[in-house]
Amino acid sequence: MSGIGDTSDHGEEKGKQNCDQQHLNKPETEQEHDKPQKEEEDKPQTDEKSTDTKEEKTDDSKPAGKKKGLLHYTCKMVSDLLLVGFLVSNLFSYVLNTDDTVKRKTRRPEPFFSDSSLVRDYWEGDVFQAFKDAQHFESSFFMFYAAWDRESQESRQILDSVALYYRNSDVMIGAVNCWYPTSDCAKEFGGKNGTGHILPVFIFYPSTMNGIQYRGHVTTADIIRFMSWSRWPVVHLHSTQHLQSLQVEYENVLVGYLPNTNHFSIKVGHKDLLAAALEFHEVLPEKPVCTAVVTSDLLAKQLHLHATKPVKLYTHNTTFTYPNKTIDGEKVVYWTIKNVTPTSAWLNLLHKKSYNLKRVFEGGSGNVLLLFSPRPQLFQDQAYDMLRQVSMEYFNCDKSDATSNLVARLKERTRKSSESCTSQSTARSGESPSSTPSVVTSSSIPCQVKPWSLHAPQDSFPACGGSSTLSSVAQSACYRRYYGPNNGTNSRENSLSGGCSLVHKNLNTVDPNVQLLLQEVEIENKNGAKLSSGGEGVFSNDKSKSMEDVTGLGCSSNKTLRFYRVDSAIHSTLLERFGLEDRRSPVPVILNNNLNNIHVKDLRRGHVEEDLRSMIVSWHRGTLSDSAGHRSTHKESVIRYRVDLTEKDKPDSVIRELSAATFSEVESSTHDTVLFITSSFCTDCTVASQLFHSAKLYLEHIPSLRFLM
């Protein structure tokens, strides 16, 4: 009886279990089928009481079986519905996402620069921390890069060299990974839907002004020149002689009058003029405009500057007056660029080289003179100075005395550029080299560390300690050296070539930071001397006897030339396309966009300017011999698709390339011709060349159709 009672209790407990347990129990029909077997097994051991109890148990178990079956089927139905819904949802999501790109998590960034590099690498893209660190420096220069980008990887070594140059200066050189999607740099500057900047991007940040982007060639020397000009964008003008020396160094000088400006307070227009000077460096390459500031009332009166006419622009032959009374940075930049008329310029073919070169040829009359030569010096270039003085005379249509005087000062600069600063100091002061201090600074005005210290020119040498430190003779010698008449040399280049010391150990300076600044400049000059090769000595004119007069030739006819200085180290492929890579530098080339011929002349050593002038005069007279394009006539010219007509069984290419001598076959032939005009430096043409070859093979069965290049 106890066993039966236990069975009944166990049945009641089963009826109260959850759906998952009931799902594991046998069905009701199986339980009823097993019951007779259990009763027969228990028969010998049961009595009347057990029989009565069995009947009671059977009566009580019928409702429990119905209840268990209802819960069982309900749970089973729900589980089946869930399974069907899960399968349908997976199938539906698969159909919808069939065309979607498979995405995976972006790879974690890694350091871009080595541990020994002087560049501060923010490889996780923490741009705000980079800007915070830059506040502790005078200025900073950043490269925003993408680690996978080829140009970013090529720029890595160049940025290391720049950081090595400024390792002892108060300048921070940094790099920020701006590609990692979750970084602050990508969120702040990356843009949406691919509208961000094309990396790498180089930006110079002054300590108190907005950053300016560097858009020039990514080389160590070009970046250092850009940073040097950007660190000292404004020059403090001291005298009219100083203005003349700036006109020798720069082709255009923008002068602003800011009265009541000293070392502890500045005029309101100072910030706008400084912003304009920085923007010139961003918009105009190679700094064709120098920005100077006048604070002395006496000098302003000599230059005819006053409160109603605060700005003037001095070019090689004209002086322009700013029409507004208030100095506005953006308006000054627009007005200056509109009035700047350079006689010569540097050729910069950035990004789309063929497009930019086409714009050069299409301007003016289409006649261009290109002077190819390497650029051995970091700051000064003798070939460009010579080209400037020749082009100034070429465009001196009115035969102005001011232009003639400027050309004479340029010649003096070129003649004395190879002299050391010690010999120059001795020649100008008449004293021994030890009597004149060799003090220069990193600004454009030597002997002037802080450009807002003093007003009077004779007292504008805080680095020299004033009259208490130096004798009046030494002060006047230093003044004559840099601001006196016939000064046409760049003192920074002199310090590079002369190897003279910039720091006086026993110098009692007014400013305690002057000695530290001078040490910084001396180290920069030594580093710059390592980047300068010293020149090749091929720009001298010591053997010239008589020179042709080119004055006003640019206005005598409609065959006006435009002059460009080309760095052959950067644009070597352009020189190769002319077939002049074996010529000795410098190489002058005159060409026209509408003509296939070029004019070239070898310049003799010691007769560079003489031969260049003779070439220009002969070209205007029509007596200068010319030659056809290199790829049209030269027997060893690089023709990519050669076809040997004598061996038709084994041609080198299925496409025949034409030259100037064989181009007439296109018009004289009776066959239909498909002509493909291409260039070796055209990237899109390389892709199209493959399609052109494929089309030739597909249509080869048509005998009347020819494919030529």
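The paragraphs below set out a description of the structure included in this document. Only a predicted model underlies this, so the values are computations on that prediction, with no experimental measurement involved.

**What about the packing of helix H14 (residues 382–394) against helix H21 (residues 608–621)?**
Phase 1: Two numbers describe how H14 lies on H21: the axes approach to 11 Å, and their chain directions differ by 35°. Where H14 crosses over H21, the two elements pack in a sense that is right-handed. Contacts between H14 and H21 involve Met386, Leu387, Gln389, Val390, Glu393 and Tyr394 on the former and, on the latter, Val608, Glu609, Leu612, Arg613, Ile616 and His620.
Phase 2: Each residue belonging to the contact of H14 with H21 can be placed in one class, and the counts come to seven nonpolar, two polar and three charged.

**Looking at the sheet that holds strand E14 (residues 587–592)**
The strands that make up a sheet pair up through hydrogen bonds in the backbone, lying either parallel or antiparallel.
Phase 1: Taken together, the five strands give an open sheet; going across it, the order is E11-E13-E12-E14-E15, and neighbouring strands pair in mixed fashion. The open sheet has two free edges, formed respectively by strand E11 (344–346) and strand E15 (598–600), since each of these has just one partner strand. Pairwise comparison of adjacent strand axes, ignoring direction, gives a mean angle of 25° for this sheet.
Phase 2: Where E14 and E15 come together, three bridges link them in antiparallel fashion. The partner of Leu591 across the bridge, within E15, is Ile598.
Phase 3: Contacting strand E12 (367–373), strand E13 (561–567) and E14, helix H13 (residues 353–362) runs over the sheet at an angle of about 150° to E13.
Phase 4: Contacts from H21 reach E12, E13, E14 and E15, with the element oriented near 20° to E14.

**Some thoughts on H13**
Phase 1: Buried within H13 are the following residues: Asn356, Leu357, Val360 and Phe361. Projected down its long axis, H13 shows its buried positions confined to an angular sector of 140°, all on one face.
Phase 2: Those residues of H13 that are buried lie in contact with E12, E13, helix H20 (572–577) and E14.
Phase 3: After H13 finishes, the residue Gly364 shows a positive phi value of roughly 65°.

Analysis parameters
- Residues numbered from 1 in each chain as written.
- Predicted model: local features only at pLDDT ≥ 70, side-chain atom pairs only at ≥ 80, totals over all residues.
- Heavy atoms only, no water.
- Axes fitted to C-alpha atoms, helices over the stretch in contact; angles between N-to-C directions.
- Helix = DSSP H or I, 4+ residues; strand = E, 2+ residues; numbered from the N terminus.
- Left-handed = near helix turned anticlockwise from the far one by under 90°.
- Contact = heavy atoms within 4.5 Å.
- Nonpolar A, V, L, I, M, F, W, Y, C, P; charged D, E, K, R; others polar.
- Pairing = 2+ DSSP bridges.
- Buried < 20%, exposed > 50% of the residue type's maximum accessible area, 1.4 Å probe, protein only.
- Arc of directions from axis to C-beta.

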